Amino acid sequence: VLFLARKELERELRRQAHFTGTLVGSAPVGIFATDTTGACIFVNAKWRELTGLSGEAAHGDGWLEAVHPDDRPHVEQAWDALVHDDVPFSPEYRFRRPDESVVWVACRAVALRDEGGDAEGYLGTVLDVSQRRVAEAERERLLAQSRAVLDAATDGILMTDLSGEVLFSNAAMDAFWSDVGLAGA
């Protein structure tokens, strides 16, 4: 009876390991795991795709090589705060691939805790947010362009919401308000 129970337990453990491996391997987000010191011990296929690094190259502190040099200091600081002070880790930053292309990612990592609440390591995900970042940059560019066009107009332009709260006024309208003594109206 014990032999059968042990075999059933082994079968269930293999099934769960297969399920977890399939899930992690096919996930549409990068997944990583570290040891208790924060050194990388695992990255999935999507993480490797996002960074252009191999799993071996990512191990230890190698993953930092994928972080864009301009973003590396604040990513390192945020990572150290998670590992040493249990501060939540959820920055957005760039990966720079070996071909010099750039991918914006949103990262989230948490401590993997044992039954006593002690950190056994850290698990995290990285999500490609490049399209959103490009759209935001384009939106900002268009807003700046629109603002420049509206500010170049010689007629005053004012936009309010339904309650009368001023949402926008161009330079000519601002000058008008200033001339009549209602600056900032």
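None of these values were measured; they are calculated from a predicted model.

Caption draft 1: Representation of the side chain of Asp-71 within the structure. Inspection of the secondary structure assignment puts Asp-71 in the loop between α3 (55-58) and α4 (72-85). Those residues in contact with Asp-71 that lie beyond four places of it in its chain are Tyr-93 and Arg-94.

Caption draft 2: A look at the packing of aromatic side chains. Throughout the structure, instances matching the rule amount to seven aromatic pairs. A centroid spacing of 5.9 Å and a plane angle of 70 degrees characterise the contact between Trp-79 and Tyr-122, whose relative ring orientation is edge-to-face. With Trp-79 in helix α4 and Tyr-122 in strand β5 (residues 119-128), the pair connects residues that are 43 residues apart, well separated along the chain. Comparing Trp-79 with Tyr-122, the two get one shared label, buried. Among the aromatic residues, those joined into a cluster by ring pairs are Phe-32, Trp-63, Trp-79, Phe-89 and Tyr-122. Directly above the ring of Trp-104 sits Arg-133, whose terminal nitrogen or CZ lies 3.7 Å from the centroid.

Caption draft 3: Structural view of a nonpolar patch on the surface. Together, Val-110, Leu-112 and Leu-123 line one region of the surface with nonpolar side chains, adding up to about 220 Å² of accessible area. Structurally, Val-110 is set in strand β4 (residues 102-113).

Caption draft 4: Expanded view of the pattern of salt bridges. Applying the stated criterion across every chain, the model contains 12 salt bridges. A salt bridge links Lys-46 to Glu-49; the nearest nitrogen and oxygen atoms lie 3.1 Å apart. One end of the pair is Lys-46 and the other is Glu-49, both in helix α2 (residues 45-51) and three residues apart, which spans about a single turn. For Asp-151, the salt bridge goes to Arg-147, with nearest N and O atoms at 3.1 Å. Of this pair, Asp-151 and Arg-147 both sit in helix α5 (residues 130-152), four residues apart, which is roughly one turn of the helix. You can call Asp-151 partly exposed: its relative accessible area is 25%. It is possible to trace a salt-bridge network through shared partners that takes in Glu-92, Arg-132, Arg-133 and Glu-136.

Thresholds applied
- Residues numbered from 1 in each chain as written.
- Predicted model: local features only at pLDDT ≥ 70, side-chain atom pairs only at ≥ 80, totals over all residues.
- Heavy atoms only, no water.
- Helix = DSSP H or I, 4+ residues; strand = E, 2+ residues; numbered from the N terminus.
- Contact = heavy atoms within 4.5 Å.
- Phe/Tyr/Trp six-rings, centres within 6.5 Å; stacked < 30°, edge-to-face > 60°.
- Buried < 20%, exposed > 50% of the residue type's maximum accessible area, 1.4 Å probe, protein only.
- Lys NZ or Arg CZ within 6 Å of the ring centre and 35° of its normal.
- Patch = residues over 30% accessible without salt bridge, like charges linked within 9 Å, V, L, I, M, F, W, Y side chains within 5 Å.
- Areas by Shrake-Rupley, 256 points an atom, 1.4 Å probe, with all protein chains shown as cover.
- Salt bridge = Lys/Arg side-chain N within 4 Å of Asp/Glu carboxyl O.

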